[in-house]
Amino acid sequence: MKIVIRPDRAGWPALCQRPEPAIEELESTVRDMMAQVRHGGDKALHALTQLLDGVKSEQLAVSTLHPVSIPSDLDLAITMAWRNIEAFHRAQIPQEIAVSTQPGVDCWRRALPLDRVGLYVPGGTAPLFSTLLMLGIPARLAGCREIVVCTPPDVHGALHPVMAEVARRLGIDQVFTIGGAQAIAAMTFGTESIPAVDKLFGPGNSYVTRAKQIAQEFGVAIDMPAGPSELLVIADASCNPAFVAADLISQAEHGPDSQVMLVSDDEDVVRAVVEQIAAQLPSLPRAEIAYKSLESSYGLVLDDLDTAMAFSNLYAPEHLILATRNAEQLADQVRHAGSVFVGNYSCESAGDYASGTNHTLPTNRFARQYSGVSVESFMKYITFQRMTSEGLRRIGPAIATLASAEGLEGHRRAVTVRLKSLTNV
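Here the structure is a predicted model, which is why all the values come from computation and not from measurement. (Residues numbered from 1 in each chain as written. Predicted model: local features only at pLDDT ≥ 70, side-chain atom pairs only at ≥ 80, totals over all residues. Heavy atoms only, no water.)

### Side note on the pattern of salt bridges
Thought 1: On inspection of all chains with the given rule, the structure shows 19 salt bridges.
Thought 2: Put simply, E230 and R18 hold a salt bridge, and the shortest N to O gap is 2.8 Å. Separated by 212 residues along the polypeptide, E230 in strand 9 (residues 230–235) and R18 in the loop between helix 1 (12–15) and helix 2 (23–53) bring together distant segments of the chain.
Thought 3: Between D115 and R145 there is a salt bridge, with the nearest N and O atoms lying 3.9 Å from each other. Of this pair, D115 sits in the loop between strand 3 (105–113) and strand 4 (116–120) while R145 sits in the loop between helix 4 (129–142) and strand 5 (146–151), placing them 30 residues apart in sequence.
Thought 4: The partly exposed category is assigned to D115, whose relative accessible area is 42%.
Thought 5: What makes R145 exposed here is its relative accessible area of 70%.
Thought 6: Here the salt bridges share partners, and the residues they tie into one network are E27, R31, R210 and E217. (Salt bridge = Lys/Arg side-chain N within 4 Å of Asp/Glu carboxyl O. Helix = DSSP H or I, 4+ residues; strand = E, 2+ residues; numbered from the N terminus. Buried < 20%, exposed > 50% of the residue type's maximum accessible area, 1.4 Å probe, protein only.)

This is the structure in structure tokens:
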């Protein structure tokens, strides 16, 4: 982790750059893979899986999901996480709103579930069945008719048993062992085995994220650009350096293209955290991955916490931890972040697994425009209006005037023909 002491504000944008492959190479590679799947279907998927994952897959669909025995402690943990995620997301189910804007003019808005959604669940170096919970639970609460899941196969070409058990409990029966940008392509165009979907969900690496963005060109919606993972921690002298180091490491281990940032008003805090990282990291099973991530990560010393928050809002992190004395007050200054963890005991891992909030969040500064996944992400809104003759009399003249001012005579006549009929009644 590079330590930077009081960088000039003019240099902040450079410090906000995320590590990623050369954009031209990334774009070319992903578009080529998507074209292969679009034109080659399942055959292309099998070839790409063997090429990229080193797995010779016999079939893509998981035909039947049987109950899987899992350790009791894991079973209890999944149950707790499920209950918390469901409780938080159930509260998000939107209610129909209705307003009479004028006597005789009634307007209402109704939320309806999307018909078919595609969930991408990472599982290359770590089977993230927690992501299946984070996506599957709100999809079910929203009432989506069809849920399609794509997740990478294990080394034997099979579905991870815990992933299979979570899918079974969610009642999802369309599960396919395919990962990467090729999985996004499959759900975008459809293949002989995998149906095309209306909207894509889920985090992934740079290739998956770019594939999701390209999918929009073909009429498929996405939840947001989500991945690679990132974390920014604002810490002051009240923090526990060991806690902060553990949080930074927890995100760095996601992948070599992840990024973690430490921002403080105290140089001693930054150096203490860096020392803790050095002490904790060697014993981490995914230490090599975390080391690569830390090479493109920073420890910044700024003048004060207000300045630290200004930097955070510019960076717009996926995850933001406030490990400060007055964390609640500092939280009021947050404008751009995917999910915020307030106080020294609010570890980011809680949001990843079991606090109840969703861990599918915008990355790469997209927290400036996007929200994390919610029940509403799996729904769309339709507005309705109904006018009586009284209502038309009240607003019709205004409609006609506005249409005439815009030079849209057809619009004006659609109103005046009705108004005229009323005068003849």
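Now that the structure has been shown, the text picks up again.
### Examining the nonpolar core
General note: in soluble globular proteins, nonpolar side chains tend to be found buried as a group.
Thought 1: Counting 40 residues, the largest nonpolar core has L119, L132 and F378 as the members making the most contacts within it.
Thought 2: For this core, the secondary structure elements donating two or more residues are helix 3 (72–90), strand 4, helix 4, strand 5 and helix 5 (161–170).
Thought 3: Per element, the largest residue contribution to this core is nine residues, and it comes from helix 4.
Thought 4: Among all residues touching F378, those that are not within four sequence positions of it are L112, P113, L114, V117, L119, L135, P138, A139, A142, C144, F201 and V373.
Thought 5: Within the second largest apolar cluster, 28 residues are counted, among which are L45, A186, I194 and L200. (Core = buried A, V, L, I, M, F, W, Y, C linked by side-chain atoms within 4.5 Å. Contact = heavy atoms within 4.5 Å.)

### Some details on helix 4
Thought 1: The end-to-end C-alpha distance of helix 4 is 20 Å, a good match for the 20 Å that 14 residues give at a rise of 1.5 Å each.
Thought 2: Of the residues one or two after helix 4, G143 is the one with positive phi, at around 95 degrees. (Expected span 1.5 Å × (residues − 1).)

### Concerning the packing of helix 2 against helix 7 (residues 206–215)
Thought 1: Interhelical geometry of helix 2 versus helix 7 gives an angle of 65 degrees and a closest axis separation of 10 Å. For the element pair helix 2 / helix 7, the angle class is roughly perpendicular. As helix 2 packs across helix 7, the resulting crossing turns out to be right-handed. Residues L26, E27, T29, V30, R31 and M34 of helix 2 touch helix 7, and the partners they reach there are S206, Y207, R210, A211, I214 and A215.
Thought 2: Of the residues assigned to the contact of helix 2 with helix 7, the class counts are seven nonpolar, two polar and three charged. (Axes fitted to C-alpha atoms, helices over the stretch in contact; angles between N-to-C directions. Parallel < 35°, antiparallel > 145°, perpendicular 65-115°, else oblique. Left-handed = near helix turned anticlockwise from the far one by under 90°. Nonpolar A, V, L, I, M, F, W, Y, C, P; charged D, E, K, R; others polar.)

### Considering the sheet that holds strand 3
Thought 1: Taken together, three strands build an open sheet; the order of strands is 2-3-14 and the sheet is antiparallel. Looking at strand neighbours, the two that pair on one side only are strand 2 (97–102) and strand 14 (379–387), the edges of this open sheet. Taking each pair of neighbouring strands and ignoring which way they run, the sheet shows an average axis angle of 20 degrees.
Thought 2: Relative to strand 14, helix 14 (residues 389–405) is tilted by about 95 degrees, and along the sheet it contacts strand 2, strand 3 and strand 14. (Pairing = 2+ DSSP bridges.)

### Re the environment of D198
Thought 1: As for its placement among the helices and strands, D198 is situated in the loop between helix 6 (180–189) and strand 7 (199–201).
Thought 2: For D198, a relative accessible area of 38% corresponds to the partly exposed category.
Thought 3: Each C-alpha atom, one on D198 and one on D257, is 29 Å from the other, the two residues being 59 residues apart in sequence.
Thought 4: In this structure, D198 is in contact with D115, R116, V220 and A221, ignoring residues within four places of it in sequence.

### A look at the packing of helix 6 against helix 7
Thought 1: Their axes nearest at 8 Å, the elements helix 6 and helix 7 cross at an angle of 20 degrees. What the angle tells us is that helix 6 and helix 7 run roughly parallel. Handedness of the helix 6/helix 7 crossing: right-handed. Along its contact with helix 6, which presents G180, A181, I184 and T188, the element helix 7 presents Y207, V208, A211, K212 and A215.
Thought 2: Residue classes in the contact of helix 6 with helix 7 are distributed as six nonpolar, two polar and one charged.

### Here's the deal with the side chain of S374
Thought 1: Inspection of the secondary structure puts S374 in the loop between helix 13 (348–353) and strand 14.
Thought 2: At a separation of 3.3 Å, a polar atom in the side chain of S374 contacts the main-chain amide nitrogen of E376.
Thought 3: With residues up to four places along the chain from it excluded, the contact list for S374 reads H89, Q92 and P138. (Polar contact = N/O pair within 3.5 Å; in protein donor to acceptor, adjacent residues only side chain to side chain.)

### Concerning the sheet that holds strand 12 (residues 319–323)
Thought 1: Taking strand neighbours across the sheet as the criterion, the six strands line up as 1-11-10-9-12-13 in an open arrangement whose pairing is parallel. Lying at the two open borders of the sheet, with one neighbouring strand each, are strand 1 (2–5) and strand 13 (339–342). Adjacent strand axes in the sheet meet at a mean angle of 15 degrees, parallel and antiparallel pairs treated alike.
Thought 2: Two strands pair when backbone bridges link them, and strand 10 (residues 259–264) and strand 11 (residues 298–301) are joined in this way by four bridges, in the parallel orientation. Paired with M261 across the two strands is Y298, which belongs to strand 11.

### Some points on empty space enclosed by the protein
Where empty space is left becomes clear once a probe the size of a water molecule has been rolled over the atoms.
Thought 1: For the coordinates displayed, the defined rule picks out one cavity of 30 Å³ or more.
Thought 2: Approximately 40 Å³ is the volume attributed to the largest cavity.
Thought 3: Lining the largest cavity, in full, are N240, F243, V244, D247, I321, A323, G343, N344 and S346.
Thought 4: Contributing elements (two or more residues each) for the lining of the largest cavity: helix 8 (241–252) and strand 12.
Thought 5: Element by element, the count of residues in the lining of the largest cavity is highest for helix 8, at three residues.
Thought 6: Counted by class, the lining of the largest cavity contains four nonpolar, four polar and one charged residues. (1 Å grid on protein atoms, 1.4 Å probe; cavity = no way out; pocket = protein on both sides within 12 Å on 5 of 7 lines; lining within 4 Å. Points joined across faces, edges and corners; volume = space filled by probe spheres on them.)

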